[in-house]
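Notes for the structure review
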Amino acid sequence: MKRIFYILILAQLVIALGCNQQSDKQVRVNDLPRIAIAGLAIESSTFSPALTDEKAFHSKTGDSIFMTYPFLSPDSLDRKRANWLPALRGAALPGGIVTREAYESLVTKTLSLLKQNGPYDGLFFDIHGAMSVVGLDDPEGDFIVRIREVIGKETIISTSMDLHGNVSLRLAQNTDLITCYRMAPHEDAMQSKKRAVDNLLSRIESGKGKPAFKAWIPVPILLPGEKTSTRVEPGKSLYEQVAPAAEQEGIVDAAIWIGYAWADEPRNHAVVMVTGDDQEKVTNTAEALATSFWNVRLQFEFIAPTASLKESLDRAIASKKHPFFISDMGDNPTAGGAGDVTWTLKEILTRPEFVSEKGPSLIYASIPGPEFVAKAIEAGVGGKVDAYAGAAIDARYAPPIRLTGTVEAIEHGDQHAETEVVVKTGSVRVVVTKKRKPYHYEADFTRLGLDPRKTDIVVVKIGYLVPELYDMRADWIMALTPGGVDQDLQRLDFKRINRPMFPFDKDMKNPDLRARLVPSSDDL
Ligand SMILES: [Zn+2]
């Protein structure tokens, strides 16, 4: 019955598209499937002392959510395929654990907006999957259960995730369709979200509804993203298997999650999921992907040369290749570090090579220091400043750092940093921000009058280099620096992850990688 209904509205839509705007609108409002949008995205480290509050999510409600998705722009095909009812979507920079108050407030707001516009044929659940909340395990699993309590079990939920997210059995059961990125760095983020939406629309339009089978396989591997980029082997070949697996007849989607390595919960591990209508194909495909992953586990290495900071600086100074990039990995704010650890900058400024203006040029991006920024504004461009920055949140490795030098730039208006200052001390230019901000684009530097291409050494709080920096590098090393996202996982104090777990338990036996067929959300 439902299928005939949608064939009818499709026919109406085809007619309407040929007619004037008014009749198009009529069809959209009256007959198209009703689809909600909701979700919260953050990855938060439980090994960082930082806390994330509600403001950090910059949450959008209602129609402003469309701006997040180019494929749902007013003229897009997908926009016309449904009566969209966006509720709330929030996305925060990675950071520390989310306060319980922030989580409860955002969830409560989402649920009340969902209540206003129901019922729904579908819901696009757009999450990252690695949120940690004070005193609550598996927040995304909790969130989807509470959404189900409002929208009911018949609505088809399609979930889109980051491949560094975690898929608990509870999340797997409550969602009907699920997918994640297939590239790290995440060049396919928007494409993946569109796939989640297109799968949802086509299951509704065709009347096929929820896929008959969902296979879920926990894979006992926990690795950092810096070892599992899809740009290099074995991540490259592993993830190249995903698209062909998903395109088979009888399969709706296939996905591999690396999982998030800096939170200490039982759900933190790799997962494979496949959804579709052909039980045998769903099962076999999931098992093949999980087995492929397990079989290459010993081959995952850091994707660029890795060394102590001292050795990284020695190499960069001696190198003839410029710009020489150094990743300050332990405090990477885009993985969940506090972003204000001063240890690396302190080590750089104590090196004699950088004391004179004639030393090798070095850019350090970045360190938050609101008081420093205020003093720099007072001094003005060209003025001298002498003040402290950093270590307001994470002072475990070094205290706030004293920076003395000349103010070379002051820029206002960045969404994350608010105000950015460049201060030159010796041959080092330090970017100090009012609030923490990742430096991922060439324009982040050039806006401040910096030219990273003509600089000898560029040190960034980052893990693997994002595409623009990667393309700019003449050479690159990843420094094993301390912080809330220490890349040496063995140094972290895990207590609650499942054991045995690769690579923590060296001699573990082959795990059970048979597909678990997860009950449908209809059977909740
Ligand atoms: Zn990610």
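In this text the structure is predicted, and so the values were computed from the model without any measurement. (Residues numbered from 1 in each chain as written. Predicted model: local features only at pLDDT ≥ 70, side-chain atom pairs only at ≥ 80, totals over all residues. Heavy atoms only, no water.)

Ordered by their spatial adjacency, three strands build an open sheet running E2-E6-E3, and the pairing between neighbours is parallel. Both edges of this open sheet fall to strand E2 (44-45) and strand E3 (51-52), since each of them pairs with a single strand only. Pairing between E2 and strand E6 (residues 95-98): two bridges, direction parallel. Opposite Ser-44, over in E6, you have Gly-95 as the bridge partner. (Pairing = 2+ DSSP bridges. Helix = DSSP H or I, 4+ residues; strand = E, 2+ residues; numbered from the N terminus.)

The next subject is the confidence of the model for the protein. The predicted model of the protein averages 94 in pLDDT, with 94% of residues at 70 or higher. Predicted confidence for residues 1-5 stays below pLDDT 50, and this span has four contacts to residues more than four positions away or in other chains. For the stretch residues 7-29, pLDDT sits under 50, and the model shows 19 contacts to residues farther than four places along the chain or on other chains. (pLDDT = per-residue confidence, 0-100. Contact = heavy atoms within 4.5 Å.)

Attention now goes to the nonpolar core. One broad rule of soluble globular proteins: the nonpolar side chains tend to lie buried together. Of all hydrophobic cores here, the largest spans 95 residues; its most connected members are Val-167 and Val-219. With sequence-adjacent residues up to four places away left out, Val-219 is seen in contact with His-269, Ala-270, Val-271, Val-272, Ala-290, Phe-293, Trp-294 and Leu-513. Counting residues in each nonpolar core, the second largest holds 31 residues, with Leu-309, Leu-313, Ala-376 and Ala-479 among its members. (Core = buried A, V, L, I, M, F, W, Y, C linked by side-chain atoms within 4.5 Å. Buried < 20%, exposed > 50% of the residue type's maximum accessible area, 1.4 Å probe, protein only.)

Applying the stated criterion across every chain, the model contains 10 aromatic pairs. When the centroid spacing of 5.5 Å and the interplanar angle of 45 degrees are considered together, the rings of Tyr-69 and Phe-71 count as tilted. For Tyr-69, a relative accessible area of 0% gives the class buried. Look at Tyr-260 and Trp-262: their rings are 5.8 Å apart centre to centre, the planes differ by 75 degrees, and that puts the pair in the edge-to-face class. Here the two residues Tyr-260 and Trp-262 agree in accessibility, since each one is buried. Of the aromatic side chains, those joined through ring pairs into one cluster are Phe-47, Phe-494 and Phe-504. When the ring centre of Phe-66 is taken as origin, the NZ or CZ atom of Arg-79, which lies over that ring, is 3.6 Å away. Above the ring of Tyr-470, the side-chain terminus of Arg-231 is found at 4.2 Å from the ring centroid. (Phe/Tyr/Trp six-rings, centres within 6.5 Å; stacked < 30°, edge-to-face > 60°. Lys NZ or Arg CZ within 6 Å of the ring centre and 35° of its normal.)

Spatially, six strands are ordered E4-E5-E1-E7-E8-E9 in an open sheet, and the strand pairing comes out mixed. What marks the edges here is a single partner per strand, and that holds for strand E4 (60-61) and strand E9 (177-180). Sheet topology places strand E1 (residues 34-41) next to strand E5 (residues 83-91); eight bridges connect them, and they run parallel. Directly across from Ile-35, in E5, lies its bridge partner Trp-84. Packed onto the sheet, helix H4 (residues 100-117) meets E1, E4, E5 and strand E7 (122-126) and runs at close to 175 degrees relative to E5. (Axes fitted to C-alpha atoms, helices over the stretch in contact; angles between N-to-C directions.)

Within the secondary structure, Ala-288 sits in helix H10 (residues 279-295). Taking the relative accessible area as the measure of exposure, Ala-288 reaches 42% and is therefore partly exposed. Residues Ala-288 and Pro-218 lie 70 residues apart in sequence; the distance between their C-alpha atoms is 13 Å.

All right, on to the coordination of the zinc ion then. All of the protein donors around the zinc ion are Asp-162 (OD), Asp-162 (OD), His-164 (ND1) and His-186 (NE2); their distances to the metal are 2.1 to 2.5 Å. Coordination at the zinc ion is irregular: its four donor atoms span angles of 54 to 141 degrees at the metal. The exposure class assigned to His-186 is partly exposed, which follows from its relative accessible area of 26%. (Donors = N, O, S within 2.8 Å, 3.2 Å for Na, K, Ca; no water. Tetrahedral: all angles 85-135°; square planar, octahedral: opposite > 155°, others 65-115°.)

What follows deals with the packing of H4 against helix H5 (residues 139-151). Running from N to C, H4 and H5 point in directions that differ by 25 degrees, and their axes come no closer than 10 Å. Overall, the two elements H4 and H5 adopt an arrangement that is roughly parallel. As for how H4 packs across H5, the hand of that crossing is right-handed. In this structure, H4 uses Tyr-103, Glu-104, Val-107, Thr-110, Leu-111, Leu-114 and Lys-115 to contact H5, whose residues at the interface are Pro-139, Asp-142, Phe-143, Arg-146, Ile-147, Val-150 and Ile-151. Taken together, the residues that form the contact of H4 with H5 break down as nine nonpolar, one polar and four charged. (Parallel < 35°, antiparallel > 145°, perpendicular 65-115°, else oblique. Left-handed = near helix turned anticlockwise from the far one by under 90°. Nonpolar A, V, L, I, M, F, W, Y, C, P; charged D, E, K, R; others polar.)

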